[in-house]
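# Coordinates in review
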Amino acid sequence: MPSNLPRFKAAACHTSSVFLDAAKSAEKACDLIAEAARNGASLVAFPESFIPGFPVWAALQAPIMSHDFFRALSAQALRLDSPELTKIRMAAKRHGVVVSVGFTEGTVASLGCIWNSNLLIGDDGAVLNHHRKLVPTFYEKLVWAAGDARGLRVAETSVGRVGMLICGENTNPLARYSLMAQGEQVHISTYPPIWPTRPSKEKGGYDLRKAIEIRAGAHSFEAKCFNIVSSACVDVGMRDALGQANPAMLDMIEGTPHAVSMILDPTGQIISSVLSESEGIAYADIDVAHCVEPKQFHDVVGYYNRFDVFSLTIDRSHRDPAVFIESERRELADNAAQPREMLRPVDFERLAAD
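Residues numbered from 1 in each chain as written. Predicted model: local features only at pLDDT ≥ 70, side-chain atom pairs only at ≥ 80, totals over all residues. Heavy atoms only, no water.

Here we take up the pattern of salt bridges. Applying the stated criterion across every chain, the model contains 15 salt bridges. In this structure, K133 and E48 form a salt bridge, with 3.8 Å as the shortest nitrogen-oxygen distance. Of this pair, K133 sits in the loop between β5 (127-132) and β6 (155-157) while E48 sits in the loop between β2 (43-45) and α2 (57-60); the two residues are 85 residues apart in sequence, bridging distant segments of the chain. On the basis of relative accessibility, which here comes to 1%, the residue E48 falls in the buried class. (Salt bridge = Lys/Arg side-chain N within 4 Å of Asp/Glu carboxyl O. Helix = DSSP H or I, 4+ residues; strand = E, 2+ residues; numbered from the N terminus. Buried < 20%, exposed > 50% of the residue type's maximum accessible area, 1.4 Å probe, protein only.)

Shown next as structure tokens:
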């Protein structure tokens, strides 16, 4: 087989954050990376918002009661050059594994604007992709800002062509198709520990486990790719924090369906252990060559489509709060618009240094 169809072992971490503690959550990630590497894994995936934990309080009490939680989450939000993410990158390099990790991202432009983000790190510690969730789902809008498509990419890695989507994005056919159209071979799906939409004693609540099973199978089958599903789980630290703030929140989540972690093959079949109620790591051996045969039946980015009928355009430009044009560059632009005899001198040495 060609060298771009590797064989490797994948690890889906079904684990809890050290709730609202970014440094300790990062340390836990490094420990799990080491454990997975010892067991032969070349790809290790962590849940949505693993650092520093999922803001489940937004579902359980009114926003006017949640200011302390929001301040705590914002204080633990990470930028790409943070010590916590640097530590995880160094762990990926030290153990020679590709790592996907979810985190709440902050920005120097604002103390209160945060994103639900995911980082894909190469086995050399390099950042291969940085994705911000396009649309926060339901009550997540009270916490996270909408992202952009800068990270809607498939990265070439030592374990194949890897794409990643966060939670509800795996329900978005266009987001999923955009990754398929880039030759995705390995898909990473990340989820929270629970996702309550009603008090657990009421009928009609959202069954997160069932939803994950449906969409994970659908994407594997439609994309003809492997799907690494990594979800968080509820631990004592999260329960204690919620209970101390408002005991009613614990009653609200009692009996709420938990998320699930697993690995699926390109036919949608589960090929790993299935973890839901307790922490652990799900492993599976992956042969990317197994993505080929199912493409004979339905290749929606190839012959099994009508590009004369359908088209999709993705705008991957950055959505930044402002664009700043430095004075020297403005001077260059002004000079270019003037007759040659009117040109003003420009300090090119200083411009190059900038």
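Once that is clear, we can look at the state of the cysteines. A full pass over the atoms with the stated rule returns 0 disulfides. No disulfide involves C233; its sulfur sits 11 Å from that of C13, the nearest cysteine. Residue C233 is classed as buried on the basis of its relative accessible area of 8%. (Disulfide = S-S within 2.5 Å.)

Here we take up unusual backbone geometry. With an omega of 0°, the peptide bond running from I51 to P52 counts as cis. Looking at the element boundaries, P52 is found in the loop between β2 and α2. Positive phi, normally seen in glycine, also occurs at S49, with a value near 50°. Structurally, S49 is set in the loop between β2 and α2. In this structure S49 comes out as buried when scored by relative accessible area, which is 1%. Within the chain, F138 stands out as a residue other than glycine whose phi angle is a positive 55°. By the element assignment, F138 lies in the loop between β5 and β6.

Further remarks concern helix α3 (residues 67-75). All buried positions along α3 are accounted for by F69, L73 and S74. The buried residues of α3 occupy one face: seen down the axis, they fall within an arc of 130°. Facing away from the buried side of α3 by over 90 degrees, the exposed positions are D68, R71 and A75. (Arc of directions from axis to C-beta.)

With that settled, the discussion passes to the nonpolar core. Judged by nonpolar contacts, the single largest core of 32 residues is most densely connected at W57, I212 and L242. When residues of this core are traced back to their parent elements, those giving at least two are α2, α3, α6 (208-223), α7 (236-245), α8 (247-253) and β10 (262-264). Those residues in contact with I212 that lie beyond four places of it in its chain are Y191, V229, S231, A259, V260 and M262. Counting 26 residues, the second largest nonpolar core, distinct from the first, contains C30, L32, L78 and L85. (Core = buried A, V, L, I, M, F, W, Y, C linked by side-chain atoms within 4.5 Å. Contact = heavy atoms within 4.5 Å.)

The next subject is a nonpolar patch on the surface. On the surface, L174, L312 and I314 cluster together into a nonpolar patch covering about 250 Å² of accessible area. Judged by its relative accessible area of 54%, L174 falls in the exposed class. (Patch = residues over 30% accessible without salt bridge, like charges linked within 9 Å, V, L, I, M, F, W, Y side chains within 5 Å. Areas by Shrake-Rupley, 256 points an atom, 1.4 Å probe, with all protein chains shown as cover.)

What follows covers the sheet that holds strand β1 (residues 7-14). Here we have 6 strands laid out as an open sheet, ordered β5-β4-β3-β2-β1-β11, and mixed in their pairing. If you trace the sheet from one side to the other, it starts and ends with β5 and β11 (280-287), each paired once. Ignoring which end each strand starts from, the neighbouring axes of this sheet average 25° apart. In this structure, β1 lies alongside β11, joined through 8 bridges in antiparallel fashion. Residue pairing across strands places H14 opposite G280, the latter belonging to β11. On the sheet, helix α1 (residues 22-38) packs against β1, β2, β3 (98-107) and β11 and is oriented at approximately 45° with respect to β11. Sheet strands touched by helix α4 (residues 83-95): β3, β4 (110-121) and β5. Its angle to β3, the strand with the most contacts, is close to 170°. (Pairing = 2+ DSSP bridges. Axes fitted to C-alpha atoms, helices over the stretch in contact; angles between N-to-C directions.)

Attention now moves to the side chain of S100. Within the fold, S100 resides in strand β3. Judged by relative accessible area, which is 0%, S100 ranks as buried. Leaving out residues up to four positions away in the same chain, S100 has contacts with V44, A45, F46, N118, L119, L120, M164 and I188.

Turning our attention to the packing of aromatic side chains. Counted by the stated rule, this structure contains 8 aromatic pairs. On the numbers, 6.3 Å between centres and 75° between planes, the contact of F19 with W57 is edge-to-face. Taken together, the residues F19 in the loop between β1 and α1 and W57 in helix α2 connect sequence positions 38 residues apart. A relative accessible area of 2% means that W57 is categorised as buried. Measuring from ring centre to ring centre gives 5.2 Å for W195 and Y206, while their planes differ by 65°; the resulting arrangement is edge-to-face. With W195 in the loop between β8 (186-191) and α6 and Y206 in the loop between β8 and α6, the pair connects residues that are 11 residues apart, well separated along the chain. Classification of W195 by relative accessible area gives buried; the value is 7%. Owing to a relative accessible area of 31%, Y206 belongs among the partly exposed residues under this scheme. (Phe/Tyr/Trp six-rings, centres within 6.5 Å; stacked < 30°, edge-to-face > 60°.)

Geometry only, nothing functional implied.
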